[in-house]
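Residue strings, one per chain:
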Amino acid sequence: MRTFDKILVTGGAGFIGSHLVRNALVEFPNAEIINLDKLTYAGNLENLKDIESNPKYSFVKGDICDLEFVKQLFEDYHFDLVVHLAAESHVDRSIENPFAFLHTNILGTANLLHTVVKSDHDCLFYHVSTDEVYGSLGETGLFTESTSYDPRSPYSASKASSDHLVRAFYHTYGLPVLISNCSNNYGPYQFPEKLIPLVIHNFLNQKSVPVYGDGLNVRDWLYVEDHVKAIFAILKKGRIGETYNIGGNAERTNIDIVSRIGEIIDNIEGRTYNNYKEYVTFVKDRPGHDRRYAIDCTKISKELEWNPSVTMKKGLEQTIKWYLTNKNWLDNVTSGDYRSYYKKQYGDFK
Ligand code: NAD
Ligand code: TYD
């Protein structure tokens, strides 16, 4: 079983990254965890409020696209593990502005890989990626690790490029790497531009809930803490150079998800039966909208004995409960107040 002393997490102030950082302090209690994040609109240090004074944790504000900065960071800390999550992550934004995605997801990843290869310390590079690199499924079939890449959005194309770069550095320079491609995550601290938190936020505030196209696109949902557990299983015992698919065995159409959240919120808020339906609005479809994603997790299940543990029912209930008890977090995000949290905690950044 592998263990580490100095861990760099990129994108640790984001949704999945913040769960990963919090859990890394428990999984590797002797390690120092450095969270490097640019704090884009998606980065929120309030996500890590509960652990910010932990002596094993530090935050560094910076951009993975800045090669000189990245090199200096590796000289200052001699990392033996990089868990790379920093990315532009939202498909709709990638349709509006692909360049930020190409920049961070491709060039930023290349900067990290190059720096690790040039560093005189042994360092494992773990790349967190998405199942969207495999493209879109029809009614049947599942993505396996050998499914051909067929990305269809600027987001998935940029993530596919980064996966290829990671494999190229493994083959060309012998860099030890691990890659995982995971399905759609949901849970606490997810930015309310993604389907599940957006729907929760809008129903709670009795605002219109936009459903793209016919609402029958399918995603395979995974509770974020299960994703993080899978990453730790791969980090500790995964075979170097390998790719592992991670999924929730929980395929749902978008309209199913919207309806389920609507029913739960109507119930919690004491609204009349089916009140939520008033807010469901079918809107123009997303261009190039992938129809269905579904993951075959046989490899990680057999090799590393990882399986999703949180059912969709339980995960959704927990998530809705979290957003209800953390209305402050949601209000700060929607009002933009979360942007000043860094300044309050750390002062002006030079
Ligand atoms: P997120 O958008 O919530 O967080 C991304 C983080 O990266 C933010 O904190 C942001 O500030 C930071 N960041 C962005 N550009 C940066 C840069 N140039 N330099 C440094 N930091 C930068 O994303 P997420 O949903 O937590 O996803 C994390 C990773 O997991 C991504 O690589 C994503 O592709 C992958 N992934 C996400 C999902 C999902 O459902 N959310 C599923 C599979 C894989
Ligand atoms: P999203 O959370 O953006 O994740 P991804 O596109 O990476 O799968 O979207 C999940 C699904 O929900 C996807 O099929 C698009 C759909 N969707 C809507 O119908 N309405 C919305 O407002 C959003 C954000 C997504």
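Below, the structure is looked at part by part.

Here is what the cut-offs are and how they apply
- In this numbering scheme, every chain counts its residues from 1 along its sequence in written order.
- To label them, take the chains in the order written and letter them from A, then take the ligands in the order written and number them from 1.
- Selection of residues for local features in this predicted model requires a pLDDT of at least 70, selection of side-chain atom pairs for listing and counting requires 80 or more, and totals for whole chains, interfaces and linings are taken over all residues.
- By convention in this description, side-chain values take in all heavy atoms of the structure and omit both hydrogens and water.
- Near, as used in this document, describes a residue that has one of its heavy atoms within 4 Å of the molecule or strand being considered.
- Contacts described as polar in this section are N or O atom pairs within 3.5 Å, which, within protein, must combine one atom able to donate a hydrogen with one able to accept it, while residues neighboring in sequence count only if both atoms come from side chains.
- Elements are defined by DSSP. Helices are runs of H or I of four residues or more, strands are runs of E of two residues or more, and each kind is numbered from the N terminus.
- Definition of nonpolar core: a set of buried residues of the types Ala, Val, Leu, Ile, Met, Phe, Trp, Tyr and Cys, connected through side-chain atoms within 4.5 Å.
- Per-residue accessibility, obtained with a 1.4 Å probe over protein chains only, is compared with the maximum for each type, and a residue is labelled buried under 20%, exposed over 50%, and partly exposed between these values.
- The contact criterion used is simple: two residues touch if any of their non-hydrogen atoms lie within 4.5 Å.
- The rule for pairing is simple: two strands pair if DSSP sees at least two bridges between them.
- Note on areas: Shrake-Rupley, 1.4 Å probe, and residue coverage restricted to the protein chains presented here.
- Throughout this description, the term salt bridge denotes a Lys or Arg side-chain nitrogen within 4 Å of a carboxyl oxygen of Asp or Glu.

## A short note on the site of ligand 1
Right, so step 1: If you check the shell around ligand 1, you find 28 residues, and the closest are Ile 16, Asp 37, Ser 89, Tyr 155 and Lys 159.
Right, so step 2: Take Gly 14: an N or O atom from its main chain is 3.0 Å from an oxygen atom of ligand 1.
Right, so step 3: Lys 159 places a polar side-chain atom, nitrogen or oxygen, 2.7 Å from an oxygen atom of ligand 1.
Right, so step 4: Contributions of two or more residues to the shell around ligand 1 are made by helix H1 (15-27), strand E5 (124-130), helix H5 (154-173) and strand E7 (184-186).

## Brief notes about the nonpolar core
Right, so step 1: Counting residues in hydrophobic clusters, the biggest one holds 85 residues, and the most contacted among them are Ile 7, Val 83, Ile 196, Phe 203, Leu 235, Ile 261 and Ile 300.
Right, so step 2: In terms of residue count, helix H7 (residues 224-237) provides more of this core than any other element does, eight residues in total.
Right, so step 3: The contact partners of Ile 196, leaving out residues within four places of it in the chain, are Tyr 186, Trp 221, Ile 257, Ile 261, Met 312, Leu 316 and Thr 319.
Right, so step 4: Membership of the second largest hydrophobic core comes to 22 residues, among which are Ile 34, Phe 74, Leu 112 and Cys 123.

## Description of the pairing of strand E4 (residues 81-84)
Right, so step 1: The alternating pattern of E4 places Leu 81 and Val 83 on one face and Val 82 and His 84 on the opposite face, and all of these are buried.
Right, so step 2: Inspection of the sheet shows strand E1 (residues 6-10) paired to E4 by four bridges, in the parallel sense. What sits directly across from Thr 10, in E4, is His 84.
Right, so step 3: Direction of pairing for E4 relative to E5: parallel, over a ladder of four bridges. Looking across to E5, one finds that His 84 is bridged to His 127.

## So, the site of ligand 2
Right, so step 1: Not every one of the 17 residues close to ligand 2 is listed here, only the nearest: Glu 132, Pro 210, Arg 219, Arg 286 and His 289.
Right, so step 2: A distance of 2.9 Å separates an oxygen atom of ligand 2 from a polar atom in the side chain of Asn 184.
Right, so step 3: Take Arg 286: an N or O atom from its side chain is 2.5 Å from an oxygen atom of ligand 2.
Right, so step 4: When the free accessible area of ligand 2 is taken as 510 Å², the share hidden by the protein chains comes to 97%.
Right, so step 5: Looking at the shell around ligand 2, the elements that each hand over two or more residues are helix H6 (195-204) and strand E8 (209-212).
Right, so step 6: With three residues, E8 is the largest single contributor of residues to the shell around ligand 2.

## Section: the pattern of salt bridges
Right, so step 1: Taken as a whole and judged by the stated rule, the model has 17 salt bridges.
Right, so step 2: Residue Lys 236 is joined to Glu 27 by a salt bridge in which the shortest nitrogen-to-oxygen separation is 2.4 Å. One end of the pair, Lys 236, is in helix H7; the other, Glu 27, is in helix H1, with 209 residues separating them in the sequence.
Right, so step 3: We classify Lys 236 as buried; its relative accessible area is 18%.
Right, so step 4: The class of Glu 27 is partly exposed, set by a relative accessible area of 31%.
Right, so step 5: Across the pair Glu 317 and Arg 260 runs a salt bridge, and its minimum N-O distance is 3.8 Å. One end of the pair, Glu 317, is in helix H10 (residues 312-325); the other, Arg 260, is in helix H8 (residues 254-268), and 57 residues separate them in sequence.
Right, so step 6: Overall, Arg 260 belongs to the partly exposed group, its relative accessible area being 31%.
Right, so step 7: Where salt bridges share partners, they join Arg 239, Glu 242, Lys 299 and Glu 303 into one cluster.

Taken by themselves, the reported measurements are silent on function.
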